[in-house]
Amino acid sequence: KINNNKGFTLVEMLVCVLTLLLVAAICTTGTGISIKGYQQSRFESDSQMLQSTIDLSLSDLFRYATTINEVDGIIVFSNVHYEMNNGTIQIENIGDNGEGRFSVKKNTVSSSVPMIGDSVYAENLYVSDFVLTYDSSTRVFSGSYKIKSTIMNDAERTCQFTYRSIAEW
């Protein structure tokens, strides 16, 4: 019984443990890379859908805008369909880190209302850096905004728009 060689030696056990650790490290790295790729892909898809919805709402606001003026660097306009009389569009902060949603202020004394519902914004997406200009000679609104992610610091989509007011004054 003393010369029985059944079982594993210390070297065989160390090789087995090192092999298992190597496989675990490869799986962990692969999982991290695939999660990052999934988040990036989801951001691209969700931000394209959000951009499409925002652009549609902006086109409705600006195409039928009347009585357009600039007051203290802010574009003020009216829109019968939105019951706006000297109203504005802005980004209203909803978080501590600059997260925002588009909102419409229907007149100078009213409070802001969401331009589109919160359910349209995909989870973890927000808008920022809204810039709006108006050329009175051509009646063209133009500007840009950014769509960002709260979970991916480097994810950002810059969106530009141009709409001409077709409403009769």
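Residues numbered from 1 in each chain as written. Predicted model: local features only at pLDDT ≥ 70, side-chain atom pairs only at ≥ 80, totals over all residues. Heavy atoms only, no water.

Novice: Please clarify how the packing of aromatic side chains should be interpreted in this entry.
Specialist: How two aromatic rings sit relative to each other is set out by the distance from centre to centre and by the angle between their planes. Taken as a whole and assessed by the stated rule, the structure comprises eleven aromatic pairs. An angle of 90° between the planes, with centres 5.3 Å apart, marks the rings of F102 and Y145 as edge-to-face. In this pair, F102 is assigned in strand β4 (residues 100-105) and Y145 in strand β7 (residues 140-149), connecting sequence segments 43 residues apart. Considered together, F102 and Y145 belong to a single accessibility category, that of buried residues. Consider the rings of Y145 and F161, whose centres lie 6.3 Å apart with planes at 35°: the pair is tilted. With a gap of 16 residues between them, Y145 in strand β7 and F161 in strand β8 (residues 156-164) connect regions that are remote in the sequence. By the burial criterion, Y145 is buried, and F161 matches it. Grouping aromatic residues by their ring pairs yields a cluster made of F62, F77, F102, F130, Y134, F141, Y145, F161 and Y163. Here the basic side chain of R101 rests over the ring of Y121, its NZ or CZ set 4.1 Å away from the ring centre. (Phe/Tyr/Trp six-rings, centres within 6.5 Å; stacked < 30°, edge-to-face > 60°. Helix = DSSP H or I, 4+ residues; strand = E, 2+ residues; numbered from the N terminus. Buried < 20%, exposed > 50% of the residue type's maximum accessible area, 1.4 Å probe, protein only. Lys NZ or Arg CZ within 6 Å of the ring centre and 35° of its normal.)

Novice: Sorry if this is basic, but what is going on with the state of the cysteines here?
Specialist: One covalent bond between the sulfur atoms of two cysteine residues makes up a disulfide. Enumeration over the complete set of coordinates arrives at zero disulfides. Looking at C16, it has no disulfide partner, and the nearest cysteine sulfur is the one in C27, 15 Å off. Since its relative accessible area comes to 41%, C16 is described here as partly exposed. (Disulfide = S-S within 2.5 Å.)

Novice: Explain the pattern of salt bridges to me, please; I cannot follow it from the model alone.
Specialist: Two side chains bearing opposite charge may form a pair once their charged atoms approach each other closely. Tallied over the full model, the rule gives seven salt bridges. For the salt bridge of E156 with K148, the shortest nitrogen-to-oxygen distance reads 3.8 Å. With a relative accessible area of 41%, E156 lands in the partly exposed category. Each of D129, K146, K148 and E156 takes part in salt bridges that share partners, so that together they form one network. (Salt bridge = Lys/Arg side-chain N within 4 Å of Asp/Glu carboxyl O.)

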